[in-house]
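Read off the chains here:
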Amino acid sequence: MNRFIHWTCSGGLAASLVLLVAAPVGAGQDLTMMQKDPGTWVLPGKDYGVTRYSPLDQINSANVKDLEVAWTFSTGTLQGLEGAPLVLNNTMYFVTSFPNIVYALDLTKAGAPMKWKYTPKQDPTVPGVACCDLVNRGVAYADGKIFFNQLDATTVALDARTGKVVWSAKQGDPKKGQTITGAPLVIKDKVFTGISGGEFGVRGFITANDIKTGRQIWRMYSAGPDSDVGIGANFKPFYKDHKGKDLGVTTWKGDEWTRGGGTTWGWYSYDPELDLFYYNTGNPGSWNPDQRPGDNKWSMTMWARDPDDGMAVWAYQMTPHDAWDYDGVNESILADLEVGGTLRKVAVHFDRNGFAYTVDRTSGEVLVAQPYGPVNWAKGVDLKTGRPIEDPTKRTKQGQNTTDICPSAMGFKDQQPAAFSPRTKLFYVPTNNLCMDYEGVEVSYTAGLPYVGAIVKTYAGPGGHRGAFIAWDATTGKKVWEIKEPFSAWGGALVTASDIVFYGTMEGWFKAVDARSGRELWKFKTGAGIIGAPMTYIGPDGKQYVAILAGVGGWSGATVSLDLSLDDPTAALGAVNAFKDLGDYVAKSGMLFVFALD
Ligand code: CA
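These notes cover the structure that comes with them. This structure is a prediction, so every number in the text was calculated from the model and none was measured.

**Side note on the sheet that holds strand β1 (residues 53-54)**
Adjacent strands of a sheet pair through backbone hydrogen bonds, lying either parallel or antiparallel. Ordered in space as β1-β32-β33-β34-β35, the 5 strands form an open sheet in which the pairing is mixed. Each of the sheet's edge strands pairs with one partner strand only, and the pair in question is β1 and β35 (520-525).

Take a look at the structure:
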């Protein structure tokens, strides 16, 4: 660890000393420095801003055509692989889909053999309550430990050197539909984890546990009275209709808030200077809007919280009274951008609802909100109130099939994380081009059974392609370039200091394109569909490597990974119709590919 501290402190000793005085010294202190080491990848999104930007530049636009497979590794699993490996101390760490095997690979040896492998023992009935395949989005590192979440809603800390369990903490009960698929994030001495189960009537929450012992420090819910939600004297939302007492109860009908969704399975970000933790909440339950009149706070909400006590500082609800499953969980990428002639600290969020939000991350004020695909459920976002300007003909109802709604429930972007380059000032966004028909149906709640209440059919949007990889200017809310893809671009993005962007496709292409023009520079067919996120690091030999997990699945790829029948187009919450031909291109697989220049 000394190597990292030495490297990062050489230029900023004074700033580091200020931080040491201002905050208790914990593992997160090391992470704020370790994240700056260009050769490693110690946080799920590379850095606390989840930019997925790497300062490495050995692989550039002139030589990327010579990129070759350096080594591969079979994960031993056949469900969808989301997320990216971590690399530190010449070791690569990653977690697979269920049963969530964690691997530590030794990068100092040819072919990277295992240092250790940890296979959790989980109840075999747990996959039955997973919404959308059996994915997991990655591990976290701090304090000599690897943290990950099991599908059965258990957070586990392993000794990074040995793979032995240090502690485990039960966060939820799969018998009530509670599972975890997200990657944890460590801030200072706490590990933050969310919960999945928005389709099972789970009331979402976010939890902070002590990294040394696993003891729960705080838990804040996405609905309920202010005391449950962590709203107190320091809560200063920007918009008027976010102010008031116990809105997490009063914006719901009856006790619907107790099964109100707002789950928290996306990637989280953190601003060490503002000391604010950012995460977003998902759709309200059920999907039938007529069962839960009201704004349904605090589902579909971007949150800024104090990481120490969990108390909210501001919140912004993107989609009040959601009627489309526009899960708001997508990541918020932190950048400092000039908006309207003023340098602003912003959080940029590509929401499932089809709008890209540029938000002042100190206050929650929306500065820019523009569609990044062919949105038709709303004509725009009113920046005075923060509310969408809806087209009433696209609002779904119980007992009526509303047709041609764009985007679909899968959003123009789902889990696939975008990247931001401080060099080009552009965001690189893997997107879906999907629309849908949606009918609300009455549903009653039974613990551990789906609480969906909608029939959905999904299909390609305008143009007939199902995805695109785009470059986005968040200061103006405009698309800069676009690469159309036959399937959704359901994997993540990586951008490097040599202005190259990497991303993968559901049918298995791993591509490098020019960050300024979108011109294709290189591609490789992995033979396994990609829904994971690329990462890059420096090996012990001083060379730059690029890694990607390949294994199709998730919501979009469930037709293949779960061997679904193609008879019912509305099956898998509408995914079957959208991706019924995926099996013509890829089969079930689980592979890690690592590339380098020869
Ligand atoms: Ca959802």
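**Some remarks on the pairing of β35**
Two strands pair when backbone bridges link them, and strand β34 (residues 509-514) and β35 are joined in this way by 5 bridges, in the antiparallel orientation. Among the inter-strand pairings, Phe510 is bridged to a residue of β35, identified as Phe524. Counting the residues in the hairpin turn of β34 and β35 gives 5 residues, including Gly518, whose phi is positive at 85°.

**So, the pairing of strand β37 (residues 544-550)**
Of all 7 residues making up β37, 7 are buried, and the element is well covered by its neighbours. Burial of β37 is two-sided: the residues Gln544, Val546, Ile548 and Ala550 facing one way and the residues Tyr545, Ala547 and Leu549 facing the other way are all buried. Hairpin connection from strand β36 (residues 535-538) to β37: 5 residues lie between these consecutive antiparallel strands, with Gly542 at a positive phi of about 80°. Relative to strand β38 (residues 591-597), β37 is paired through 6 bridges, and the arrangement is antiparallel. Considered in β38, the bridge of Val546 is made with Phe595.

**Some details on the nonpolar core**
Trp71, Met92, Phe502 and Leu592 are the most contacted members of the largest nonpolar core, which has 88 residues in total. Cys132, Ala304, Cys406 and Ala409 belong to the second largest nonpolar core, which has 72 residues in total.

**Here we look at the side chain of Thr526**
In this fold, Thr526 is placed in the loop between β35 and β36. On the basis of relative accessible area, Thr526 is assigned to the buried category, the value being 8%. Among the polar contacts made by the side chain of Thr526, one reaches the main-chain carbonyl oxygen of Ala528 at a distance of 2.6 Å. Apart from the residues within four sequence positions on either side, Thr526 is in contact with Gly508, Phe510, Ala550 and Phe593.

**Thoughts on the coordination of the calcium ion**
Distances from the calcium ion to its protein donors, Glu199 (OE), Asn283 (OD1), Asp325 (OD) and Asp327 (OD), fall at 2.0 to 2.6 Å. Expressed as a motif, the donor residue spacing for the calcium ion is E-x83-N-x41-D-x1-D. Taken as a pair, Asn283 in the loop between β16 (276-280) and β17 (301-305) and Asp325 in the loop between β18 (312-317) and β19 (332-339) lie far apart in primary sequence, 42 residues in all. Residues Asn283 and Asp325 agree in their burial class; the two are buried.

**Section: the state of the cysteines**
One pass over the full model with this rule turns up 2 disulfides. For Cys131, the disulfide goes to Cys132, at an S-S distance of 1.8 Å. Its relative accessible area of 36% is what places Cys131 among the partly exposed residues. At a sulfur-sulfur separation of 2.2 Å, the disulfide partner of Cys406 is Cys435. As the torsion about the S-S bond is roughly 105°, the Cys406-Cys435 disulfide counts as right-handed.

Reading the values: rules and limits
Residues numbered from 1 in each chain as written. Predicted model: local features only at pLDDT ≥ 70, side-chain atom pairs only at ≥ 80, totals over all residues. Heavy atoms only, no water. Pairing = 2+ DSSP bridges. Helix = DSSP H or I, 4+ residues; strand = E, 2+ residues; numbered from the N terminus. Buried < 20%, exposed > 50% of the residue type's maximum accessible area, 1.4 Å probe, protein only. Core = buried A, V, L, I, M, F, W, Y, C linked by side-chain atoms within 4.5 Å. Polar contact = N/O pair within 3.5 Å; in protein donor to acceptor, adjacent residues only side chain to side chain. Contact = heavy atoms within 4.5 Å. Donors = N, O, S within 2.8 Å, 3.2 Å for Na, K, Ca; no water. Disulfide = S-S within 2.5 Å.

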